[in-house]
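# Descriptive analysis of the structure
Each chain is listed here by its residues.
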Amino acid sequence: DQAEKTGDSRGLAMSLGNLSTTLQEQGRIREAEEIHLSALREIEQTGELEWQANWWGNYGLFAAQAGDFREGVERYEEALAMHRQAGDQVGETRVLGHLARAHWRLGDPQRAEKLFQQAIAMCQKTGDRVGEARQRAGLALMAEDRGDVKSAEEGYQFARRVFRKADMIEETIEQERHLASL
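Below or above, wherever it landed, is the structure these notes cover. Computed from a prediction, not measured in an experiment: that's the story for all the values here. (Residues numbered from 1 in each chain as written. Predicted model: local features only at pLDDT ≥ 70, side-chain atom pairs only at ≥ 80, totals over all residues. Heavy atoms only, no water.)

## Some points on the packing of aromatic side chains
- Under the criterion given, the structure shown has three aromatic pairs.
- Summarising the aromatic geometry, the rings of Trp55 and Trp56 are spaced 5.0 Å apart at their centres and angled 85 degrees between planes, so their arrangement reads as edge-to-face. Of the two residues, Trp55 and Trp56, neither departs from the other in class, the shared state being buried.
- Taken together, the aromatic side chains of Trp55, Trp56 and Tyr59 make up a single cluster linked through ring pairs.
- If you follow Arg75 out to its NZ or CZ, it ends over the ring of Tyr59, 3.5 Å from the centre. (Phe/Tyr/Trp six-rings, centres within 6.5 Å; stacked < 30°, edge-to-face > 60°. Buried < 20%, exposed > 50% of the residue type's maximum accessible area, 1.4 Å probe, protein only. Lys NZ or Arg CZ within 6 Å of the ring centre and 35° of its normal.)

The following block contains the structure:
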């Protein structure tokens, strides 16, 4: 690969990341995770903290997709610390949502709700309506799970409106499916 020959850490890391994403989309999670791991050295050489934080967040997703939510939490915590250190509030809110979902799956809905609420507050502060919609959709899933149909409906409707306005078709349809199942 040309990036490897020239010592271009950024290019190599991006290529590895793209390959990892493709493998992940094909359901080849373990292979994707191995490729993702090999990108870390290259990303660290760039010295870009936000990129490293994103790497850790994605690494957490691999664990969560494999059903290892405890490992996912550890990886998300690493990502969260880096996003905070870098002052990256958008990345921080994204990881807070991942942490919330992992804690919910681990049976800690109180912690999950607190994390979702923290992420929503940050999204409101930064004006990130799509991020807020994602977090409210997460809260709606929790509400539905505990039988609170009214709260679930409100959350799904909020998310659907925002996603529709942002022309996010797949996300809009997902919210419509949730609403139809109530």
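## Some words on helix α7 (residues 109-126)
- For α7, built from 18 residues, the straight-helix expectation of 26 Å at 1.5 Å per residue is met to within 8% by its first-to-last C-alpha distance of 26 Å.
- Those residues of α7 that sit buried are Ala112, Leu115, Phe116, Ala119, Ile120, Met122 and Cys123. End-on, the buried residues of α7 take up no more than an arc of 165 degrees, which puts them together on one face. Exposed and facing more than 90 degrees away from the buried side of α7 are Gln110, Lys114 and Lys125.
- For α7, the elements touching its buried residues are α6 (89-105) and α8 (129-145). (Helix = DSSP H or I, 4+ residues; strand = E, 2+ residues; numbered from the N terminus. Expected span 1.5 Å × (residues − 1). Arc of directions from axis to C-beta. Contact = heavy atoms within 4.5 Å.)

## Considering the packing of α7 against α8
- Remark: α7 packs on α8, axes separated minimally by 8 Å, with the N-to-C direction vectors making an angle of 160 degrees. Judged by the angle between their axes, α7 and α8 are roughly antiparallel. Crossing handedness for the pair α7 and α8: left-handed. In this structure, α7 contributes Pro109, Ala112, Glu113, Phe116, Gln117, Ala119, Ile120, Cys123 and Gln124 to the contact, and α8 contributes Gly131, Glu132, Gln135, Arg136, Gly138, Leu139 and Met142.
- When the residues that make up the contact of α7 with α8 are grouped by side-chain class, the tally is eight nonpolar, five polar and three charged. (Axes fitted to C-alpha atoms, helices over the stretch in contact; angles between N-to-C directions. Parallel < 35°, antiparallel > 145°, perpendicular 65-115°, else oblique. Left-handed = near helix turned anticlockwise from the far one by under 90°. Nonpolar A, V, L, I, M, F, W, Y, C, P; charged D, E, K, R; others polar.)

## Re the side chain of Glu132
- One can find Glu132 in helix α8.
- Given the relative accessible area of 4%, Glu132 is considered buried.
- In contact with Glu132, not counting residues within four places along its chain, are Ile120, Cys123, Gln124 and Phe158.

## Looking at helix α3 (residues 29-46)
- Taking 1.5 Å per residue, 18 residues should reach 26 Å; α3 reaches 26 Å between its end C-alpha atoms and fits that length.
- The set of residues buried in α3 consists of Ala32, Glu33, His36, Ala39, Leu40, Glu42 and Ile43.
- Where α3 is buried, its residues touch α2 (9-25), α4 (49-65) and α5 (69-86).
- Downstream of α3 by one or two residues, Gly47 has phi in the positive range, about 75 degrees.

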